[in-house]
Amino acid sequence: MTSLFRCPVCGGSLTREDRAYRCENGHSYDIAKEGYTYLLPPNQKHSAAPGDDKGMAAARRDFLSKRYYTPLLNTLCTEILTRSGDSPVLLDTGCGEGYYTAGIFRALAEAGKAPRMAGTDISKFILRYAAKREKAVEFAVASSYHLPVADNSVDILLNCFSPLALEEFRRVLRSGGVFLYVVPAADHLWELKQVLYENPYPNEEKETPYEGFAYEAIVPVDARIRLESQADIHALFQMTPYYWKTPKAGTERLAALDTLDCRISFRVHIFRKL
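Scope of this entry: the structure provided in the associated data block. Given the structure is predicted, the values throughout are model-derived calculations rather than measurements.

The rules behind these values
Per chain, the residues get numbers from 1 upward, laid out in the order the sequence is written. Only residues with pLDDT of 70 or above have their local features reported here, since the model is predicted, and side-chain atom pairs are shown and tallied only from 80 upward, although totals for entire chains, interfaces and linings are computed over all residues. Side-chain calculation: all heavy atoms of the structure are included, whereas hydrogens and water are not. Put simply, DSSP H or I for four residues or longer makes a helix, DSSP E for two residues or longer makes a strand, and each gets a number counted from the N terminus. Both definitions apply: the radius of gyration is a C-alpha atom measure, and the globule rule equals 2.2 Å times residues to the power 0.38. Type-normalised accessible area, obtained with a 1.4 Å probe on protein chains alone, sets the label of each residue: buried when under 20%, exposed when over 50%, and partly exposed for intermediate values. In this description, contact between two residues means that some pair of their heavy atoms is separated by no more than 4.5 Å. Where accessible areas are quoted, they stem from the Shrake-Rupley method and a 1.4 Å probe; at the residue level, only the protein chains shown are allowed to cover. A side-chain nitrogen of Lys or Arg and a carboxyl oxygen of Asp or Glu constitute a salt bridge if their distance falls within 4 Å. For two strands to pair, DSSP has to find at least two bridges joining them. Throughout this description, the term nonpolar core refers to a set of buried Ala, Val, Leu, Ile, Met, Phe, Trp, Tyr and Cys residues connected via side-chain atoms within 4.5 Å. Whether two aromatic rings pair depends on their centres lying within 6.5 Å, for rings of Phe, Tyr and Trp, where Trp uses its six-membered ring; planes under 30 degrees apart make the pair stacked, over 60 edge-to-face, and the rest tilted. A fitted line through C-alpha atoms serves as each axis, taken over the contacting stretch for helices, and the angle formed by two N-to-C directions is quoted from 0 to 180°.

1. Focus: the overall build of the chain
Turning to step 1, where the next piece is worked out: Broken down by element type, the chain carries eight helices and twelve strands.
Turning to step 2, where the next piece is worked out: At 19 Å, the chain has a C-alpha radius of gyration in line with the 19 Å of a compact globule built from 274 residues.
Turning to step 3, where the next piece is worked out: Here the chain holds 274 residues, and 53% of them are scored as buried.
Turning to step 4, where the next piece is worked out: Pairs at least 24 apart in sequence give 70% of the contacts found in the chain among residues at least 6 apart.
Turning to step 5, where the next piece is worked out: By element, 50% of the accessible surface of the chain is carried by carbon and sulfur atoms, the whole surface being about 12700 Å².

Spelled out as structure tokens, the structure:
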């Protein structure tokens, strides 16, 4: 079948076969046993294994599989369903372990639409989980700053907590296409931060216009979750940036908890490409 991806070497269209993607110029990319492919050229890698490591990937899988962030997924499904045609082409950049990717794809299919969807992430460890989660979505290791996707080929682009590669997003989105950008709100995970830090501060919230896009909406998602085990608390901690910059005392306070009641708060910034 013809892929949504393009060859990262020559830009030619890719055909997906049983075990590899191939372009008309003879370039070939193996498909891993989990179902993803590798479209990150060596000159775009900044480390031997960029992106989330095995531990962070497993933490994201474990935490999101418990459906703690279902309010966000449901909001994304609702907003995308109202903005998609019968056969939308979707791209999830920085898709992680595919929780939102798979959920959105299934919501569209269950609504009677015929979506084509792809997800990219720079971590091969995390894409192993994504490719297992939804076989009908194409997944590739790739940089958001060099998306292996054709110009003006995407109807809806999703970016959840990942690098904001605006030039690439403008390139791949068709005119009138929709861009959803999910960011943490001011008090997201506030109770977690109160445990970790002596003087936590709220996240910055701002409304930023981006060249080539028109603001359509800012949709709030606010809820409370109760983490019922230390394993779930640690999984949440490990999938946040705080995992790398928390003092030892804060980490020890969190490790002593068996339950945690916590706010989750997101803002979905929705743009349309001009």
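2. Thoughts on the pattern of salt bridges
Turning to step 1, where the next piece is worked out: Overall, the coordinates contain 21 salt bridges when judged by the stated rule.
Turning to step 2, where the next piece is worked out: Put simply, E34 and K33 hold a salt bridge, and the shortest N to O gap is 3.4 Å.
Turning to step 3, where the next piece is worked out: K33 gets classed as exposed once you look at its relative accessible area, which sits at 78%.
Turning to step 4, where the next piece is worked out: Here E252 makes a salt bridge to K248, at a shortest N to O gap of 4.0 Å. Linking E252 with K248, this pair stays in helix α8 (residues 248–255), spanning four residues, or about one helical turn.
Turning to step 5, where the next piece is worked out: Classification of E252 as partly exposed rests on a relative accessible area of 48%.
Turning to step 6, where the next piece is worked out: Relative accessible area serves as the criterion here: at 63%, K248 is assigned to the exposed category.

3. Let's talk about the sheet that holds strand β12 (residues 260–273)
Turning to step 1, where the next piece is worked out: Read across the sheet, eight strands follow the order β5-β8-β7-β6-β9-β10-β12-β11 without closing on themselves; strand pairing throughout is mixed. One side of each edge strand has no neighbouring strand; the edge strands of this open sheet are β5 (37–38) and β11 (213–227).
Turning to step 2, where the next piece is worked out: Relative to strand β8 (residues 138–141), β5 is paired through two bridges, and the arrangement is parallel. Residue pairing in the sheet places T37 in a bridge with A140 of β8.

4. Quick look at the nonpolar core
Nonpolar side chains tend to gather and get buried jointly when the protein is soluble and globular.
Turning to step 1, where the next piece is worked out: Within the largest apolar cluster, 55 residues are counted, with the highest numbers of intra-cluster contacts made by F63, Y69, L76, Y100 and I104.
Turning to step 2, where the next piece is worked out: The residues contacting I104, other than those within four sequence positions of it, are L73, L76, C77, I80, L90, M117 and L158.
Turning to step 3, where the next piece is worked out: Ranked by size, the runner-up nonpolar core spans 28 residues in total, among them F5, Y21, F179 and F271.

5. Thoughts on the packing of aromatic side chains
Any two aromatic rings considered together are summarised by their centre-to-centre distance and by the angle between their planes.
Turning to step 1, where the next piece is worked out: One pass over the structure, following the stated rule, counts 16 aromatic pairs.
Turning to step 2, where the next piece is worked out: Each ring, one from Y69 and one from F266, has its centre 5.1 Å from the other, and the planes form 75°; the classification is edge-to-face. Pair noted here: Y69 is in the loop between α1 (54–65) and α2 (70–81) and F266 is in strand β12, with a separation of 197 residues, a long-range link. Comparing Y69 with F266 shows no difference in burial state: the two are buried.
Turning to step 3, where the next piece is worked out: Connected via pairs of aromatic rings, a cluster forms that spans F169, F179, Y181, Y210, F213, Y215 and F271.

6. A short note on the sheet that holds strand β3 (residues 20–23)
Turning to step 1, where the next piece is worked out: Pairing in this open sheet of four strands is antiparallel, and the strands run β1-β2-β3-β4 from one edge to the other. Strands at the two margins of the open sheet, each flanked by one partner only, are β1 (2–6) and β4 (28–30). Neighbour-to-neighbour, the strand axes of this sheet turn through a mean angle of 30°, independent of strand direction.
Turning to step 2, where the next piece is worked out: With two bridges connecting them, β1 and strand β2 (residues 13–16) associate as antiparallel partners. Paired with R6 across the bridge in β2 is S13.

7. Section: unusual backbone geometry
Turning to step 1, where the next piece is worked out: Phi is positive for F161, close to 60°, though the residue is something other than glycine.
Turning to step 2, where the next piece is worked out: Structurally, F161 can be placed in the loop between β9 (154–160) and α5 (166–172).
Turning to step 3, where the next piece is worked out: Judged by its relative accessible area of 37%, F161 is partly exposed.
Turning to step 4, where the next piece is worked out: The phi dihedral of L189 is positive, around 60°, even though this residue is not glycine.
Turning to step 5, where the next piece is worked out: Tracing the backbone shows L189 in the loop between β10 (173–184) and α6 (190–196).

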